[in-house]
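Tertiary structure, described
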Amino acid sequence: MSGGIDILMITYDRPEYVRLSLPHLLDSRTDDARVWLWHNGSDEATLAAVEEFRHDPRVHRFHHSPTNAGLREPTNWLWAESTGDYLSKVDDDCLPDKSWLDVLRRAHEDVPEFGVIGTWRFPESDVRQELVDRKLASYAGGHRLMRNHWVQGSGYLLKRAMVERTGPLAEGDSFTSWCLRAARLGFVNGWVYPFLPEDHLDDPRSPRTIYHTDEDFMARRPLSAQKTGVRTVAEWTEQMKRSAYVVQAASLDLREYSGWRQRGRSLSKRVRRAITGRAPW
């Protein structure tokens, strides 16, 4: 079947989250949306949670990688083998708003220049309205977007034309770097406004999080927390707040993300990590 929406969910080592996020995705999909399920790893509890749903008729394709294949391989699998006019990914620790597909697709249909647009994963207390207002733009059909050259890698919707022009995720690409490459081609990215919420379960402020104590956190620390040296719930919460600030304050000048400016920021992060043992986003 051509047209429609193809949505990827990657599951890994979070059985509690999978039992929330996978049925939520299946229930919130539109009639023409197909769910592609990729399971990473061999954790028995998580695989058992996936098995509860993998034969659901709303699951279009299933793939199991015994090792953690990360982001690039499953994303390129979806992009290469699907036929949808729109493509998406929802992480197994995220619950996008029930109306997310209808809202985002309507915006895409009305505004041809939109590339990747997303739901918003941060609580209201993280919103800096003065920063948001500087980046708000209005478009046909009454749509408003807080522009940013990238969004998070979950709860987004992008046009297939964006993949056809930008290409697949290359070796060493993050979703952020791929979005920046697309922005340089003229695609307009960002978050629909008013923000469409996504409950990010790995944020300790989520009512459904598994992180209640520092012991809980260290036992199942996210990879990004490991990379940045975060060791406590309080530090992780501060990193979530910092992430929200970064995307609201980020420049719309694409020159800031290449050349000497980018190299300067990378050096600053390395120095900060060497001195403090931490390197927040």
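Everything numeric here is computed off the predicted structure, so don't read it as measured data. (Residues numbered from 1 in each chain as written. Predicted model: local features only at pLDDT ≥ 70, side-chain atom pairs only at ≥ 80, totals over all residues. Heavy atoms only, no water.)

**As for the packing of helix H1 (residues 15-28) against helix H2 (residues 44-51)**
Running from N to C, H1 and H2 point in directions that differ by 15 degrees, and their axes come no closer than 8 Å. Of the possible angle classes, the one that applies to H1 and H2 is roughly parallel. In terms of crossing hand, the pair formed by H1 and H2 is right-handed. Facing H1, whose interface residues are Pro15, Val18 and Arg19, H2 presents Ala45, Thr46, Ala48, Ala49 and Val50. In the contact of H1 with H2, the residues fall into 6 nonpolar, 1 polar and 1 charged. (Axes fitted to C-alpha atoms, helices over the stretch in contact; angles between N-to-C directions. Helix = DSSP H or I, 4+ residues; strand = E, 2+ residues; numbered from the N terminus. Parallel < 35°, antiparallel > 145°, perpendicular 65-115°, else oblique. Left-handed = near helix turned anticlockwise from the far one by under 90°. Contact = heavy atoms within 4.5 Å. Nonpolar A, V, L, I, M, F, W, Y, C, P; charged D, E, K, R; others polar.)

**Here we look at H1**
In this model H1 runs 20 Å from its N-terminal to its C-terminal C-alpha over 14 residues, within 8% of the 20 Å that 1.5 Å per residue would give. When you tally the buried positions in H1, you get 10 out of 14 residues, the bulk of the element. Taken together, the buried residues of H1 touch strand S1 (5-11), strand S2 (33-40), H2, strand S3 (59-65), strand S5 (94-96) and helix H4 (100-110). (Expected span 1.5 Å × (residues − 1). Buried < 20%, exposed > 50% of the residue type's maximum accessible area, 1.4 Å probe, protein only.)

**Observations concerning the pairing of S1**
Across the 7 residues that make up S1, a large majority, 7, are buried. Here S1 shows no split at all, with Ile5, Ile7, Met9 and Thr11 on one side and Asp6, Leu8 and Ile10 on the other all buried. Note: S1 against S2, 7 bridges, orientation parallel. Note on S2: the bridge partner recorded for methionine 9 is leucine 37. The parallel pair S1 and S2 is bridged by H1, and the resulting crossover is right-handed. Looking at chain direction, S1 and strand S4 (residues 86-89) are connected through 4 bridges and run parallel. Of the residues in S4, the one forming a bridge with isoleucine 5 is tyrosine 86. (Pairing = 2+ DSSP bridges. Right-handed = clockwise from strand over helix to strand, strands pointing away.)

**Re H4**
Among all positions in H4, only Trp100, Leu101, Leu104, Arg105, Ala107 and His108 are buried. The buried residues of H4 all sit within an arc of 155 degrees when viewed along its axis, so they share a single face. (Arc of directions from axis to C-beta.)

**Looking at the nonpolar core**
Ranked by internal contacts, the top residues of the largest apolar core, which has 33 residues, are Trp79, Val116, Leu158, Phe175 and Trp178. At the level of elements, S1, S2, helix H3 (72-81), strand S9 (156-159), helix H6 (160-166), helix H7 (175-184) and helix H10 (233-249) are the ones that each hand at least two residues to this core. The two domains that each donate at least three residues to this core are domain 1 (5-200) and domain 2 (214-276). Dropping the residues within four chain positions of it, tryptophan 79 is found in contact with Leu87, Leu158, Arg160, Val163, Gly167, Pro168, Leu169, Phe175 and Trp178. Within the second largest apolar cluster, 31 residues are counted, among which are Val18, Val50, Phe114 and Val188. (Core = buried A, V, L, I, M, F, W, Y, C linked by side-chain atoms within 4.5 Å. Domains from an automatic or database assignment.)

**Some details on the confidence of the model for the protein chain**
When pLDDT is averaged across the protein chain, the result is 92; 91% of the residues are at 70 or more. Counting interchain partners and residues more than four positions distant, the pLDDT-below-50 stretch residues 270-277 has 11 contacts. (pLDDT = per-residue confidence, 0-100.)

**Concerning the packing of aromatic side chains**
In the structure shown here, the tally under the stated rule is 13 aromatic pairs. Relative to tryptophan 77, the ring of tryptophan 38 lies with its centre 5.3 Å away and its plane at 65 degrees, an arrangement referred to as edge-to-face. Within this pair, whereas tryptophan 38 is found in strand S2, its partner tryptophan 77 is found in helix H3, the two being separated by 39 residues in sequence. Residue tryptophan 77 is classed as buried on the basis of its relative accessible area, which comes to 10%. (Phe/Tyr/Trp six-rings, centres within 6.5 Å; stacked < 30°, edge-to-face > 60°.)

**Topic: the side chain of aspartate 126**
Relative to the assigned elements, aspartate 126 resides in the loop between strand S6 (114-118) and helix H5 (129-135). Among the residues examined, aspartate 126 registers a relative accessible area of 7% and is labelled buried. When near neighbours in sequence (up to four residues on either side) are disregarded, aspartate 126 contacts Arg205, Met240, Lys241, Ala244 and Gln248.

**Describing the environment of arginine 165**
Topologically, arginine 165 is positioned in helix H6. A relative accessible area of 51% means that arginine 165 is categorised as exposed. Each residue touching arginine 165, except ones within four places of it in the same chain, is listed here: Leu185 and Phe187.

**Here's the deal with the pattern of salt bridges**
Enumeration according to the criterion identifies 17 salt bridges in this entry. Between aspartate 27 and arginine 58 there is a salt bridge, with the nearest N and O atoms lying 2.9 Å from each other. Separated by 31 residues along the polypeptide, aspartate 27 in helix H1 and arginine 58 in the loop between H2 and S3 bring together distant segments of the chain. Under the relative-accessibility criterion, aspartate 27 is labelled partly exposed at 48%. Close ionic contact of aspartate 253 with arginine 255 constitutes a salt bridge, the shortest N to O distance being 2.9 Å. For arginine 255, a relative accessible area of 53% translates into the label exposed. (Salt bridge = Lys/Arg side-chain N within 4 Å of Asp/Glu carboxyl O.)

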